[in-house]
Amino acid sequence: MGSAVGDDQTMDTGLTLVHIRGIEIRLSGSVVVIVALVTWSLAVNMLPEVAEGYGDGAYWSVAALLAVALLAGLVAHELGHSIVAAREGVGVSSITLWMFGGVARLESQPKTARSAGRIAIAGPAVSAAIGVAALAVEPLFDGLTAAAIAWYGVINLALAVFNLLPAFPMDGGRMYQAWWWARTQDQDDATRRAVSLGRTMGAIMIGLGALEALSGAAVGGVWLILIGWFVREAGRAELDQVTILDPLSKLCVAQVMTADPESVVETATLDSFVSHSVLGGRHTTYPVVAVEGHVVGLVNLQAIRSVDRERWAQTTVGSVATPLAEVATIDVAASVADVMELMAGDARRRTLVFDSTRLVGIIAPADLTRLVAAVQLAGPEAFELPN
Ligand SMILES: [Zn+2]
């Protein structure tokens, strides 16, 4: 459905099916429910109605085949987004199929409105192409086969149309966002407008779903209600990204680092390091410096713990430190976005901040989470955030 960026933990559980062009194709557990529902409704209701006179076995096997083909169509839709994204310089790490379709996880935001628009339209374009192709070959067949191909064509066309609804973060909503972005050259403003319209669309879906459910179509109604709810929640998350994380990521490293961190000389023994710095100290990680003063690495409590206590008197800090070459480092003029990229996926990671060759600070993940929490509490306007 969407081309989600970032936070979608709901879909993190799942099974890796296959890799296509380096993109991981994953299947969430909720897909099983959808496949079962689609197979059941095709085998029991739809196929016997449009193609009479076949056995139960034929209906069920064609229905199961169509349900799997539907998943393949969803993967093709997301691959459409992914291939265009790659061409626009935006990497895609994985595609996840879940209850509401597929999600391609982009590694970064598109750089321009034009890129964003192209990436958004590519998925519906693939779905529409599959739909048209299926309907074009359908007259060559008859009976149950023709009925199955016709259903597949119509469902893919419907997918294309449904995804074009301006219900951000669905594709149509992303195109609406890209259109405003191109018009005003203000990406954040475009996102706000798209989220606002998307949340209205979500509310309409919930209302229509409730009407549908009350009029007897329980499954379709509940499904529409869930999609509406998902659209509204996803919009809110995207808005948080714009109002909190994006301004934060433009902050300079110097504004979030712990300045002039306490360091330890590499020739110190673990014994003296623990008694002088660690006990009563406030840190779990210390830069290690040579006697001449330049930084040679980083040492943390875990490295000390790995050495037997009896050997602390003979072991130097330098011998258990992580060498500088393996430590994340960043220039003091870099942005918080750069640090976030460095720290991504490693919660224990510390980054040393340098002003050319001089160590001026250290950043722990906690420094970033504290800042995010503070902004959420006080609002971005309480901070001097750049625009
Ligand atoms: Zn899509």
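Each value, and the rule that gives it
Residues numbered from 1 in each chain as written. Predicted model: local features only at pLDDT ≥ 70, side-chain atom pairs only at ≥ 80, totals over all residues. Heavy atoms only, no water. Helix = DSSP H or I, 4+ residues; strand = E, 2+ residues; numbered from the N terminus. Expected span 1.5 Å × (residues − 1). Salt bridge = Lys/Arg side-chain N within 4 Å of Asp/Glu carboxyl O. Buried < 20%, exposed > 50% of the residue type's maximum accessible area, 1.4 Å probe, protein only. Core = buried A, V, L, I, M, F, W, Y, C linked by side-chain atoms within 4.5 Å. Pairing = 2+ DSSP bridges. Phe/Tyr/Trp six-rings, centres within 6.5 Å; stacked < 30°, edge-to-face > 60°. 1 Å grid on protein atoms, 1.4 Å probe; cavity = no way out; pocket = protein on both sides within 12 Å on 5 of 7 lines; lining within 4 Å. Points joined across faces, edges and corners; volume = space filled by probe spheres on them. Nonpolar A, V, L, I, M, F, W, Y, C, P; charged D, E, K, R; others polar. Domains from an automatic or database assignment. Contact = heavy atoms within 4.5 Å. Buried area = accessible area lost by both parts, 1.4 Å probe. Polar contact = N/O pair within 3.5 Å; in protein donor to acceptor, adjacent residues only side chain to side chain.

(A) Representation of helix 2 (residues 56–87) in the model. Under the 1.5 Å per step criterion, the end-to-end length of helix 2 is 46 Å for 32 residues, consistent within 8% with the ideal 46 Å. Backbone geometry just downstream of helix 2 places Gly89 in the positive-phi region, at approximately 85 degrees.

(B) Up close: the pattern of salt bridges. Inspection of every chain in the model, using the stated rule, returns five salt bridges. Residue Asp189 is joined to Arg193 by a salt bridge in which the shortest nitrogen-to-oxygen separation is 3.0 Å. Of the two residues, Asp189 and Arg193 are both situated in helix 6 (residues 187–214); the distance of four residues between them amounts to about one turn of the helix. When the shortest N-O distance is used, the salt bridge between Asp355 and Arg358 registers 3.8 Å. Asp355 gets classed as partly exposed once you look at its relative accessible area, which sits at 35%.

(C) Representation of the nonpolar core in the model. Val38, Leu42, Leu97 and Trp151 are the most contacted members of the largest nonpolar core, which has 37 residues in total. Listed by contribution, the elements that provide at least two residues to this core are strand 2 (23–27), helix 1 (30–50), helix 2, strand 3 (92–98), strand 4 (101–106), helix 3 (113–137) and helix 4 (143–163). Ranked by residue count, the leading element in this core is helix 2, at eleven residues. With 19 residues, the next largest nonpolar core counts Met257, Val339, Leu368 and Val375 among its residues.

(D) Looking closely at the sheet that holds strand 6 (residues 264–265). Sheet architecture is open: four strands sit in the order 6-7-8-9, paired in mixed fashion. Across the chains shown, the open sheet's two edge strands, defined by having one partner strand only, are strand 6 and strand 9 (322–323).

(E) Quick peek at the packing of aromatic side chains. Summed over the entire model, instances satisfying the criterion amount to five aromatic pairs. Here the aromatic rings of Trp179 and Trp180 are separated by 5.3 Å at their centres, their planes lie at 70 degrees, and the arrangement is edge-to-face. For Trp180, a relative accessible area of 13% corresponds to the buried category. Centre to centre, the rings of Phe273 and Tyr286 are 5.2 Å apart; their planes meet at 85 degrees, and the pair counts as edge-to-face. Of the two residues, Phe273 is situated in helix 8 (residues 270–278) and Tyr286 in strand 7 (residues 285–289); the sequence distance between them amounts to 13 residues. For Tyr286, a relative accessible area of 1% puts it in the buried group.

(F) A look at the layout of surface pockets. Empty space within the second largest pocket amounts to approximately 920 Å³. Lining the second largest pocket are 33 residues, with Ile34, Val38, Leu70, Ile155 and Trp223 sitting closest to its centre. Listing elements by their share of the lining of the second largest pocket, those giving two or more residues are helix 1, helix 2, strand 4, helix 4 and helix 7 (218–249). The element contributing the most residues to the lining of the second largest pocket is helix 1, with ten residues. Along the lines of polarity and charge, the residues of the lining of the second largest pocket split into 26 nonpolar, six polar and one charged.

(G) The pairing of strand 7, seen in detail. Across the five residues that make up strand 7, a large majority, five, are buried. The two faces of strand 7 match: Thr285, Pro287 and Val289 on one face and Tyr286 and Val288 on the other face are all buried. Direction of pairing for strand 7 relative to strand 8 (residues 295–300): antiparallel, over a ladder of five bridges. Considered in strand 8, the bridge of Val288 is made with Gly297. In sequence, strand 7 turns back onto strand 8 through a hairpin of five residues, with Gly293 there showing a positive phi of about 110 degrees.

(H) Looking closely at the domain arrangement of the protein chain. You can read the domains of the protein chain as domain 1 (9–249) and domain 2 (253–382). Once you take the C-alpha centre of each, domain 1 and domain 2 turn out to be 44 Å apart. Contacts between domain 1 and domain 2 engage five residues on the former and eight residues on the latter. In total, about 590 Å² of surface goes out of reach between domain 1 and domain 2, with carbon and sulfur atoms giving 79% of it. Along the contact surface separating domain 1 from domain 2 lie zero salt bridges. If you look at where domain 1 meets domain 2, you find zero residue pairs in polar contact (both at pLDDT 80 or more).

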